[in-house]
Amino acid sequence: MRETPRTNNPTQPEFWRSPLRGIRLTSVLGVVLLAGITLVTVTGLLSYAAYNPNLSPVNDKTPDKGLLGFYLFDWPTDPHWLYRLNQGLHVTVGIALIPVLLAKLWSVVPKLFALPPARSLGHALERISLLLLVGGVLFVFLTGVLNVQLEYVFPGSFYPLHFYGSWVFLGAFVVHVALRLPKALRVLRDRHTPDNDDESGDADGDKGGDKGDELVSPRPAEPTLSRRGALGMVGGGSLLLLATTAGQNFDGPLRRTALFAPHGGDEPGSGPNGFQINKTAAARGIRPVDTGAAWRLTLSGPRGDDIRLSRDDLLDLALHSAALPIACVEGWSTSDQWWRGVRLRDLAALAGFDPDRAAPDVLVDSLQLSGAFRRAALRDNQVRDARSLLALQVNGEDLSLDHGYPARIIVPAAPGVLNTKWVSRLDFGELR
Amino acid sequence: MTSRVYGFMSRLSGEAAHRFRRWYGEGPYQLLLLLASFALAGYAGVRLLDGDWPMITVWFVGAALVHDLVLVPLYALADRALRAVAGGAGRRRRPWVNFVRVPAFLSGLLLLVWFPLITGQVERYEPVTGLSADVFLARWLLVSAALFAGSGLWLLVRRRRSATKGRPSQVH
């Protein structure tokens, strides 16, 4: 070992001494990341569609998205757990991928320091693309991880940062996969790829660094952990994160397994209203005087005159039940709760829409004075669904103030923020 | 793939392709992909930066720099310190390194991911969710303790087993 020179210079390959580095390790991690990031990307794009951003400006936190909204479609109401599953996967898998991502970046870090900075114009462009790749993936994971912990320290609103940051990352990601996947698959298919051979492969620069394994240390330290052991450690980290996060999508004992997830552990209360709360009434500035006997729901529609209904008026209408979850963009959800209230389509009929013809869209106003979704729009398919309610009760009891008393929206498969609490007004009509 | 495109190109017009590669350093396939990706990054990037663009740039570039220049050296140093403490060379002389390394890695990973909640700095957490924010630090300490204790126990069992296995051979 002593023949190779010692160095404190990270631009020298001899500086990097871990015997674990090598193209096999990087390839395994890369292929796992490819699968994981694909899943997180698809669920992320679906989550964006679930907000129905094209329906109304109030739903659209990225109004200048332009072509990036090319794939948007009317978000369905079936199956009713669609958003719960989608967002649970997006956040939980994203968190479980973190150790794989960090290990992958660690496995290639010598390349970051390699000199010369660029061997050719082509190499220089690729390194710029790698900055977008690495900066992008860290930016997107960081904003996501901070957002689910309600730590809004990032410079701006979460939605545009995470959405546009993802697109910057995705462009670089697709290029990286296209340029590197064939080689990674070749390495993985060929079981005999030597782990520690060929230190000189990169010497003749015009091969673009593709020949030989430049990731292998020319001066490896004494091994204390096998590559298999290292992969096991990374996988163990993923499993630990998975096991301590996934439970926040279930109730009871399973939620208690989510030791570190923001909505893991205990429920915020007991009894029929004792399930998870996204934003409490106090946090949203809802005063008891606004929700007391003087509260009225205002309905407007083609009839012209606004209709004002008290809570007792609503309770005198035909009440229906629906078992639906609360599912938050932050990746937590409850199991189905038993909601009871007035169907949105019945309220649309009251506002003057012929129930036998197509249902209208609706613009929902909340009493809350702050919050990005104090106004939200629901599409006609959501209004039409028999399970879409203006809920007055849950699990056999009146709604608690924190769950939206006097009345809240509950719509199958919709993101939690569209299930407006403390509803004050419903404007039925064609939104677009 | 690059070489396949290159092969096709060279049959088509060997001289031009060769000159392109000598000038550019990579195949044309790579250039086209990169240009498409830069166009997309530009389209999304101007929208990303529409706001507090200096800070957003700092976050985007800083995420990569902090990772590469702070986090990676930090855990490399921690690992080197661990190996130094374990002392000696050769796998046999320090069989317990991984019994510290693995629980330390797992504990550090939890801290890294859930840093805001564990350090209790998310002021809005309690008023907004109606949940207690005090639980996370205690849980992290307990889980870390369990990881290290479990690892220690495993090491103990292994030592015992290898000791009982070792004894008869010593008699021989």
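Residues numbered from 1 in each chain as written. Chains lettered and ligands numbered in written order. Predicted model: local features only at pLDDT ≥ 70, side-chain atom pairs only at ≥ 80, totals over all residues. Heavy atoms only, no water.

Regarding unusual backbone geometry
All names here are of chain A.
- Put simply, Asp78 and Pro79 share a cis peptide bond, and its omega is -10°.
- The topology assignment puts Pro79 in the loop between helix 1 (23-50) and helix 2 (82-107).
- The linkage connecting Leu115 with the following residue, Pro116, adopts the cis geometry, with an omega of -5°.
- Residue position: Pro116 is located in the loop between helix 3 (109-113) and helix 4 (121-148).
- In this model, Asn52 sits at a positive phi of 50°, which is unusual for a non-glycine residue.
- In this fold, Asn52 is placed in the loop between helix 1 and helix 2.
- Of note, the phi angle at Leu150 is positive, near 60°, even though the residue is not glycine.
- With respect to the element layout, Leu150 can be found in the loop between helix 4 and helix 5 (158-189).
- The class of Leu150 is buried, set by a relative accessible area of 2%. (Helix = DSSP H or I, 4+ residues; strand = E, 2+ residues; numbered from the N terminus. Buried < 20%, exposed > 50% of the residue type's maximum accessible area, 1.4 Å probe, protein only.)

Here's the deal with a nonpolar patch on the surface
- On the surface, a nonpolar cluster with roughly 450 Å² of combined accessible area is contributed by Leu65, Val66, Leu69, Val70 and Leu74 of chain B.
- As for its position among the elements, Leu65 of chain B is in helix 3 (residues 53-86). (Patch = residues over 30% accessible without salt bridge, like charges linked within 9 Å, V, L, I, M, F, W, Y side chains within 5 Å. Areas by Shrake-Rupley, 256 points an atom, 1.4 Å probe, with all protein chains shown as cover. Salt bridge = Lys/Arg side-chain N within 4 Å of Asp/Glu carboxyl O.)

Remarks on the sheet that holds strand 2 (residues 307-309) of chain A
All names here are of chain A.
- Spatially, the five strands line up as an open sheet ordered 2-1-10-5-6, and their pairing is mixed. Edge positions in the open sheet fall to strand 2 and strand 6 (375-378), since each of these has one partner strand only. Within the sheet, the average angular offset between the axes of one strand and its neighbour, ignoring direction, is 20°.
- Direction of pairing for strand 5 (residues 361-366) relative to strand 6: antiparallel, over a ladder of four bridges. Bridging across to strand 6, Val362 finds its partner in Leu378. (Pairing = 2+ DSSP bridges. Axes fitted to C-alpha atoms, helices over the stretch in contact; angles between N-to-C directions.)

Details of helix 1 of chain A
- The end-to-end C-alpha distance of helix 1 of chain A, which contains 28 residues, comes to 40 Å, matching closely the 40 Å that a straight helix rising 1.5 Å per residue would cover.
- A positive backbone phi angle near 50° is found at Asn52 of chain A, which sits one or two residues after helix 1 of chain A. (Expected span 1.5 Å × (residues − 1).)

A look at the pattern of salt bridges
- By the definition in use, this model includes 18 salt bridges over all chains.
- The closest approach of N and O atoms between Asp251 of chain A and Arg255 of chain A, which form a salt bridge, is 2.9 Å.
- Taking the relative accessible area as the measure of exposure, Asp251 of chain A reaches 24% and is therefore partly exposed.
- Overall, Arg255 of chain A belongs to the buried group, its relative accessible area being 0%.
- In this structure, Arg19 of chain B engages Glu15 of chain B in a salt bridge whose closest nitrogen and oxygen atoms are separated by 3.9 Å. Here Glu15 of chain B and Arg19 of chain B lie together in helix 1 (residues 2-24), a separation of four residues that amounts to about one turn. The burial state of Arg19 of chain B is the same as that of Glu15 of chain B; both residues are exposed.

Some remarks on the domain arrangement of chain A
Residue and element names in this part refer to chain A.
- Domain boundaries assigned for chain A yield domain 1 (13-243) and domain 2 (288-429).
- For the pair domain 1 and domain 2, the summed buried area comes to about 2400 Å², and 56% of that belongs to carbon and sulfur atoms.
- By the criterion of area lost to domain 2, the three top residues of domain 1 are Thr77, His80 and Arg84, representing 28% of everything that side buries.
- In this structure, Asp78 engages Arg387 in a salt bridge whose closest nitrogen and oxygen atoms are separated by 3.2 Å.
- At the junction of domain 1 and domain 2, the tally comes to 15 residue pairs in polar contact (both at pLDDT 80 or more).
- Elements with a minimum of two residues in the side of domain 1 that touches domain 2: helix 1, helix 2 and helix 4. (Domains from an automatic or database assignment. Buried area = accessible area lost by both parts, 1.4 Å probe. Polar contact = N/O pair within 3.5 Å; in protein donor to acceptor, adjacent residues only side chain to side chain.)

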